[in-house]
Amino acid sequence: MTSLGAVFRPQLPPERLRGVVRLAEGVGLEELWLWEDCFREGGISTAAAALAWSERVRVGVGLLPVPLRNVAVTAMEVAALHRMFPGRAIVGVGHGVQDWMGQVGARAESPLTLLREHLDALRALLRGERVTVGGRYVRLDDVALDWPPAGPVEILAGAEGPRTLRLSGAAADGTVLTSATSVDGVRRAVRLIEEGRLAAGRDADAPHRVVVYLLTATGDDGPARLRADLVADGLESVPGLGVAGDADTVAKAVRRLAEAGADTVVLQPTADEPDPEGFVRFTAEEVRPLVS
């Protein structure tokens, strides 16, 4: 069964989050996703608050940019979330937007190498291992968590290009695809992820969750708002991106992504969504019953 979620976009002030979380919990939303976009809201701080304000909804962070974070700190924070809120935190890591990383003096010469080293060390620490590693970017000397998670923790990687998609298959437990990914793009991503899994000798039967964002607009002005977002991101010429319309139209777009290989589809409102709470309600109460 395809999981369905919605994004609380960081264009909204953080004080709006509590009301959205409470609503998401009340209407039975499966997953609420948060972004650590520079220079808006921290992913772990908002996730911890969202988890504390709810009892059931799963909270995703997509993504934590690894150039900003020492891997030991990432591991400590992820472990704490999973011990306090077992099974409800979903954490993804990624390269980060390179221009933003440059602004804060954290741009890596080889983002792919950094992501690989971060993923390997992070997953080992979360398994409770004692880690010593001297990589190009990640260096740990006899580091182990005092409070590792009580059970397995999935770590997702954000990926777009072929090399990063293969890396995600080889070194992560799942992959997050942006809203710039079409249905054909999902199919291509799944193939590349599988190539990475096979090359790394990963268990073919082990789950690897594919999460994709779907830019979504509702209401009479939905098509115009959708196009404005695509234009702002330089994606207006890419066919098949996003969806505008009623619940049935959105559900059909979700099903197309699921048939292409997405395990979770997360509806992403436009940056100027006028009613974030209404968007969450629409996702849970109108779209979810139409998606199997």
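Residues numbered from 1 in each chain as written. Predicted model: local features only at pLDDT ≥ 70, side-chain atom pairs only at ≥ 80, totals over all residues. Heavy atoms only, no water.

Colleague: Please clarify how the overall build of the protein should be interpreted in this entry.
Modeller: Within the protein, the regular secondary structure consists of ten helices and eleven strands. Relative to the compact-globule value of 19 Å for 292 residues, the protein shows a C-alpha radius of gyration of 18 Å, a close match. Overall, the C-alpha framework of the protein stretches about 60 × 40 × 40 Å when taken along its three principal axes. Put simply, the protein has 292 residues, and 53% of those count as buried. Taking the intrachain contacts of the protein between residues at least 6 apart in sequence as the baseline, contacts between residues at least 24 apart amount to 74%. Of the roughly 12900 Å² of accessible surface on the protein, 51% is carried by carbon and sulfur atoms. The average position of the 32 basic charges and that of the 40 acidic charges among the side chains of the protein differ by 3 Å. (Helix = DSSP H or I, 4+ residues; strand = E, 2+ residues; numbered from the N terminus. Rg over C-alpha atoms; globule rule 2.2 N^0.38 Å. Buried < 20%, exposed > 50% of the residue type's maximum accessible area, 1.4 Å probe, protein only. Contact = heavy atoms within 4.5 Å. Areas by Shrake-Rupley, 256 points an atom, 1.4 Å probe, with all protein chains shown as cover. Lys, Arg positive; Asp, Glu negative; His and termini not counted. Charge placed at Lys NZ, Arg CZ, Asp CG, Glu CD.)

Colleague: Which parts of the structure should I look at to understand the pairing of strand β4 (residues 89-94)?
Modeller: Across a regular strand the side chains alternate sides, sitting on one face of the sheet and then on the other. With six of six residues buried, β4 lies mostly within the body of the structure. Burial along β4 is two-sided: the residues A89, V91 and V93 and I90, G92 and G94 are all buried. Judged from the five bridges that link them, strand β3 (residues 58-65) and β4 form a sheet pairing that is parallel. Pairing of G60 across the sheet is with I90, part of β4. Crossover connection from β3 via helix α3 (residues 71-84) to parallel β4: handedness right-handed. Across three bridges, β4 lies against strand β7 (residues 155-158) in parallel orientation. By the bridge assignment for β7, G92 is matched with L156. (Pairing = 2+ DSSP bridges. Right-handed = clockwise from strand over helix to strand, strands pointing away.)

Colleague: So what exactly am I meant to see when it comes to helix α10 (residues 276-287) here?
Modeller: Each α-helix winds once per 3.6 residues, and so residues spaced three or four apart point in a common direction. When the terminal C-alpha atoms of α10 are compared, their 15 Å separation across twelve residues agrees well with the 16 Å that a helix rising 1.5 Å per residue should span. Buried residues of α10: P276, F279, V280, F282, T283, A284 and V287, and no others. On its buried side, α10 packs onto β1 (3-8), α1 (17-27), β9 (209-217), α9 (247-260) and β11 (264-269). (Expected span 1.5 Å × (residues − 1).)

Colleague: I'm lost on the side chain of R69 in this one. Help?
Modeller: Here R69 shows up in the loop between β3 and α3. With residues up to four places along the chain from it excluded, the contact list for R69 reads E36, I44, L64, T74, E77 and H118.

Colleague: Looking at this model, I keep getting lost on the pairing of strand β8 (residues 174-177). Mind explaining?
Modeller: Where burial is concerned, the two faces of β8 agree: the one with G174 and V176 and the one with T175 and L177 are both buried. In this structure, β7 lies alongside β8, joined through three bridges in parallel fashion. Each bridged residue has a counterpart across the sheet, and for A157 the counterpart in β8 is T175. Remark: the β7/helix α6 (residues 162-171)/β8 crossover connection has right-handed handedness. In the sheet, β8 pairs with β9 via four bridges, with the strands oriented parallel. If you follow L177 over to β9, its bridge partner there is V212. Chirality of the crossover, the property in question, places the unit of β8, helix α7 (residues 183-199) and β9 among those that are right-handed.

Colleague: Looking at this structure, I do not really get the packing of aromatic side chains. What am I missing?
Modeller: In this description, a pair of aromatic rings is defined by centroid distance and the angle of the planes. Here the structure, examined in full by the defined rule, presents two aromatic pairs. Ring centres of W33 and Y213 lie 6.2 Å apart, and the angle between their planes is 90 degrees; this geometry places the pair in the edge-to-face category. Of the two residues, W33 is situated in strand β2 (residues 31-34) and Y213 in strand β9; the sequence distance between them amounts to 180 residues. Under the relative-accessibility criterion, Y213 is labelled buried at 5%. (Phe/Tyr/Trp six-rings, centres within 6.5 Å; stacked < 30°, edge-to-face > 60°.)

Colleague: Before we go on, may I ask you to explain the side chain of S182 in this structure?
Modeller: By secondary structure assignment, the location of S182 is in the loop between β8 and α7. Taking relative accessible area as the criterion, S182 reaches 18% and is therefore assigned buried. If we skip the residues at most four places from it in the chain, S182 touches P239, G240, L241 and L257.

Colleague: How should the pattern of salt bridges be read in this particular structure?
Modeller: Where charged atoms of side chains with opposite charge meet at close range, the side chains can pair. Going through the model one piece at a time under the given rule, you end up with 25 salt bridges. Measuring nitrogen to oxygen at the nearest pair gives 3.9 Å for the salt bridge that ties R40 to D37. Given the relative accessible area of 45%, R40 is considered partly exposed. On the accessibility criterion, D37 (18% relative accessible area) is buried. (Salt bridge = Lys/Arg side-chain N within 4 Å of Asp/Glu carboxyl O.)

Colleague: It is not clear to me how a nonpolar patch on the surface should be interpreted in this structure. Could you clarify?
Modeller: On the surface, F39, L68 and V104 cluster together into a nonpolar patch covering about 270 Å² of accessible area. As for its position among the elements, F39 is in the loop between β2 and α2 (43-52). You can call F39 exposed: its relative accessible area is 53%. (Patch = residues over 30% accessible without salt bridge, like charges linked within 9 Å, V, L, I, M, F, W, Y side chains within 5 Å.)

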